[in-house]
Amino acid sequence: MSIQDSICPLCGKPSPRGEVCGPCRVAKIQWLECPSRVQVVVCPTCGARREAGTWSDLPWEAADLVGSLVRRSLVFHPELRDVDVDLAVRERSVNRSTVECTIRGRLFSVPVEGSCTVEVEWKKEQCDRCSLISGSYYEGIVQVRGTGRRPSPREIEESRRIADAILGSLNAAGERLAFISKWDEHRDGLDITVGSQRLGREIASGITQTLGGSVSTHPKLVGEKAGKQIFRVTYSVRLPRYSRGDILVVRGKYVEVIGVEGRLFRCIDIESGTTRLFREGQIERRAGRREDSTLWQVIFRDRDLLGLMDPSTGITREVLVPAKGVFPPGSGVHVFFDGERPVILP
Ligand SMILES: [Zn+2]
Ligand SMILES: [Zn+2]
């Protein structure tokens, strides 16, 4: 074997079998490719981010985002091993930053180091959802109404909470175009304007599952797009005649509604404390609501009479002791008035 066979033909340094040596091979290879610029597209209204043509609501944090975008934009030689990337971000302006990248690794066992600068441009663009909302686009309205009454503040609150939760779960499942563009609370109840029919349908059934009542659906043809008919749907939620917190009269006795189960009202008998289900037809009338009660103080007990003090006037009034419960002087009781008649609530 001659000496020529064991040196690198390019640099003359020893090389087994006379091949081009590692450092000479590496010197000829462009092992690092850096884009001069990467772009971040963000919706200024909702913070959604577009990547590869698709908008997404995944939360992001500026520094992490820049780091991961720049890292992903770097292209290395497939044989590069033990890669170590070091980034130094510098803010240039509100929508521009530069990232100095230092890359170290081993290529064909030869340590290599390279660097480059990537400019990150922040671009603001309204996302698909926000442009639909700003264009007043919608696919349906959920109307929440009561039967012979306005929905109670608690029912309105609960409806909002249910709608928000359903919106959140659809969004989390990737349905970006499920949105609520308007909440309108007025004297008849609550109107929720929704961006997708699926959202409207799910909100309406979610509300009746919790608050009882029924839903009727009214589609209306509003136009045609690409040969397809376009409907807007009204989801009419009709809450039951009575709701939780109502004090009702059934067979001459006071009961309080503690829940609605389909068409039945779960009620607790104020006198005996027993729970029963009633149909709407069994209920004589509504006497009022628990919120209408006030806290009175027990002053004395004299056999089956309680002396209670009206907090607003300071005047003591005698009321029959309910069959259940203990009423030590000094304690408070909730008193509800059915017309002139005081009723002690448990
Ligand atoms: Zn060489
Ligand atoms: Zn947006």
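Since the model is a prediction, treat every value here as computed from it, not as a measurement.

Rules used in this analysis
- Residues numbered from 1 in each chain as written.
- Chains lettered and ligands numbered in written order.
- Predicted model: local features only at pLDDT ≥ 70, side-chain atom pairs only at ≥ 80, totals over all residues.
- Helix = DSSP H or I, 4+ residues; strand = E, 2+ residues; numbered from the N terminus.
- Rg over C-alpha atoms; globule rule 2.2 N^0.38 Å.
- Buried ≥ 20, exposed ≤ 12 C-beta atoms within 10 Å, placed from the backbone.
- Contact = placed C-beta atoms within 7 Å.
- Pairing = 2+ DSSP bridges.
- Axes fitted to C-alpha atoms, helices over the stretch in contact; angles between N-to-C directions.
- Expected span 1.5 Å × (residues − 1).
- Arc of directions from axis to C-beta.
- Domains from an automatic or database assignment.
- Nonpolar A, V, L, I, M, F, W, Y, C, P; charged D, E, K, R; others polar.

### Here's the deal with the overall build of the protein
Thought 1: For the protein, the count of helices and strands is 5 helices and 23 strands.
Thought 2: Whereas a compact globule of 346 residues would reach a radius of gyration of roughly 20 Å, the protein reaches 36 Å, over 25% beyond that.
Thought 3: Structurally, the protein occupies a C-alpha span of about 125 × 60 × 40 Å along its principal axes.
Thought 4: Looking at the 346 residues of the protein, the share that counts as buried comes to 21%.
Thought 5: Counting only contacts in the protein whose residues sit at least 6 apart along the sequence, the fraction spanning at least 24 positions is 56%.

### Observations regarding the sheet that holds strand 7 (residues 96–107)
Thought 1: Pairing is mixed across the open sheet formed by 6 strands, whose spatial order is 4-3-2-8-7-6. The strands lining the two open edges of the sheet, one partner per strand, are strand 4 (54–56) and strand 6 (81–93). Taking the axes of each pair of neighbouring strands and ignoring which way they run, one obtains an average angle of 30 degrees across the sheet.
Thought 2: Relative to strand 3 (residues 49–51), strand 2 (residues 37–42) runs antiparallel, the two being bridged by 2 bridges. Residue pairing across strands places valine 42 opposite arginine 49, the latter belonging to strand 3.

### Here we look at helix 4 (residues 153–172)
Thought 1: Here helix 4 is 20 residues long and its end C-alpha atoms lie 28 Å apart, about the 28 Å a rise of 1.5 Å per residue gives.
Thought 2: Listing the buried residues of helix 4 in full gives Glu155, Ser159, Ile162, Ala163, Ile166 and Leu167. Buried positions in helix 4, seen along its axis, are confined to an arc of 130 degrees and lie on one side of it. Those residues of helix 4 that are exposed and aimed more than 90 degrees away from the buried face are Pro153, Glu157, Ala165, Gly168 and Ala172.
Thought 3: Tucked into the core, helix 4 has its buried residues touching strand 9 (140–146), strand 10 (180–186), strand 11 (189–194), helix 5 (197–211) and strand 13 (228–239).
Thought 4: In the stretch just after helix 4, glycine 174 is the one whose phi turns positive, near 95 degrees.

### As for the environment of proline 240
Thought 1: The topology assignment puts proline 240 in the loop between strand 13 and strand 14 (246–250).
Thought 2: Along the backbone, proline 240 and isoleucine 103 are 137 residues apart, and their C-alpha atoms lie at a distance of 68 Å.
Thought 3: Sequence-distant contacts of proline 240, that is, excluding residues within four places in its chain, are made with Thr147, Gly212, Gly213 and Val260.

### With respect to the environment of leucine 132
Thought 1: If you trace the backbone, leucine 132 turns up in helix 3 (residues 128–134).
Thought 2: Along the sequence, leucine 132 and tyrosine 242 sit 110 residues apart, while their C-alpha atoms lie 38 Å from each other.
Thought 3: When residues no more than four places from it in sequence are discounted, the contact partners of leucine 132 are Tyr137, Leu177 and Gly195.

### Concerning the sheet that holds strand 19 (residues 294–302)
Thought 1: Pairing within the open sheet is antiparallel, and its 5 strands lie in the order 21-20-19-22-23. With partners counted over all chains shown, the strands left at the sheet margins are strand 21 (316–320) and strand 23 (341–345), one partner each. If you compare each strand with its neighbour and ignore which way they point, the axes differ by 45 degrees on average.
Thought 2: Bridge count for strand 19 against strand 20 (residues 305–309) is 5 bridges, and the pairing is antiparallel. In the strand pairing of strand 20, arginine 301 is matched with leucine 306.

### Thoughts on the domain arrangement of the protein
Thought 1: Split into domains, the protein comes out as domain 1 (19–124), domain 2 (136–239), domain 3 (241–288) and domain 4 (293–346).
Thought 2: Centre-to-centre, using C-alpha coordinates, domain 3 lies 22 Å away from domain 4.
Thought 3: Facing the 8 residues of domain 3 at the interface are 8 residues of domain 4.
Thought 4: Partitioning the side of domain 3 that touches domain 4 into residue classes produces 4 nonpolar, 3 polar and 1 charged.

### Remarks on the environment of valine 194
Thought 1: Here valine 194 shows up in strand 11.
Thought 2: By the C-beta count within 10 Å, which is 27 here, valine 194 ends up buried.
Thought 3: C-alpha of valine 194 to C-alpha of valine 233: the two residues are 39 residues apart in sequence and 9.7 Å apart in space.

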